[in-house]
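Residues per chain, in single letters:
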Amino acid sequence: MNSKYGLIIGALGLVILLALLVWGVIAGFGLVTDRLPQWLAGGKQIAAQPIQKAEEMLPGLKERVKALVPPELGQKIEEWAPGAALPRQDVGGEDIAGLPRFPGMVRVAFSIQEQKRRVAYKGAAGFAEVIAFYAREMATLGFTKEVTAASLAEETHVYAKGNRRFALKFVKTLRLGTEMTEVEIREL
């Protein structure tokens, strides 16, 4: 009779152990899916820092690497990381007359809705540098500025002069270790 109870207790222990194992796998999967975006963002920052340090220590390193890498490999990398490379020319449409464009930026979007234009530019440029450029240039044109939203990676400024009003939204991203800034200008 003792062997019968031992067999039941052993089977019950095995069922509990399997249940704990299944629970552990589910909980672990949940933890990974919840934390994965944070881990990836941290990994990008960790990877970007050595690239930035190397560029500071060895100016022109990117250009030298580009000269050594075959163009086919560069094209493959662009295919693997869509959006990492900037378009080489502006999309259709037009700039808003009388407003500056940060040097080297490419027009990536254009639209007109209810007779109001919206233009977006993107370039490999420092976030703070782009914001300072527009603040300086718009002030030179006589516009007043109001910051309506700000975070570490995004800011929105409203510029006004007479009956002309524009919202400029600045967005910072890191692509393959390079800081990119997008500027969206909307007529208000």
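Just so it is clear, the structure is predicted and the values come from calculations on it, not from any experiment.

Asker: Pulling in residues and values, what's your account of the overall build of the protein?
Answerer: Secondary structure assignment for the protein yields four helices and six strands. Starting at the N terminus, the α and β elements of the protein follow one another as α-α-α-β-β-α-β-β-β-β. Out of the 188 residues belonging to the protein, those deemed buried represent 20%. Accessible surface, the protein: about 13,300 Å² in total, of which carbon and sulfur atoms supply 62%.

Asker: Help me get a handle on the sheet that holds strand β3 (residues 144-150), residues and values and all.
Answerer: Spatial strand order, β1-β2-β6-β5-β4-β3: six strands in an open sheet with antiparallel pairing. In this open sheet, the two strands that pair with only one neighbour each are β1 (106-113) and β3. For this sheet, the mean angle separating the axes of adjacent strands, direction not counted, is 15°.

Asker: Let's hear about the nonpolar core: which residues, and what values?
Answerer: Residues V130, Y134, F170 and I185 are the most contacted members of the largest nonpolar core, which totals 20 residues. Listing elements by their share of this core, those giving two or more residues are β2 (116-123), α4 (127-140), β5 (164-175) and β6 (178-187). Of the residues forming this core, the biggest block, six residues, is contributed by α4. Those residues in contact with I185, other than ones at most four positions away along the chain, are I96, L99, R117, R118, V119, Y121, Y134, F166, A167 and L168.

Asker: Which residues make up unusual backbone geometry, and what are the values?
Answerer: Phi is positive for E114, which is not a glycine, with a value near 55°. Turning to its location among the elements, E114 is positioned in the loop between β1 and β2. Its relative accessible area of 79% is what places E114 among the exposed residues. Unlike most non-glycine residues, Q115 shows phi in positive territory, near 65°. Its location among the elements puts Q115 in the loop between β1 and β2.

Rules used in this analysis
Residues numbered from 1 in each chain as written. Predicted model: local features only at pLDDT ≥ 70, side-chain atom pairs only at ≥ 80, totals over all residues. Heavy atoms only, no water. Helix = DSSP H or I, 4+ residues; strand = E, 2+ residues; numbered from the N terminus. Buried < 20%, exposed > 50% of the residue type's maximum accessible area, 1.4 Å probe, protein only. Areas by Shrake-Rupley, 256 points an atom, 1.4 Å probe, with all protein chains shown as cover. Pairing = 2+ DSSP bridges. Axes fitted to C-alpha atoms, helices over the stretch in contact; angles between N-to-C directions. Core = buried A, V, L, I, M, F, W, Y, C linked by side-chain atoms within 4.5 Å. Contact = heavy atoms within 4.5 Å.

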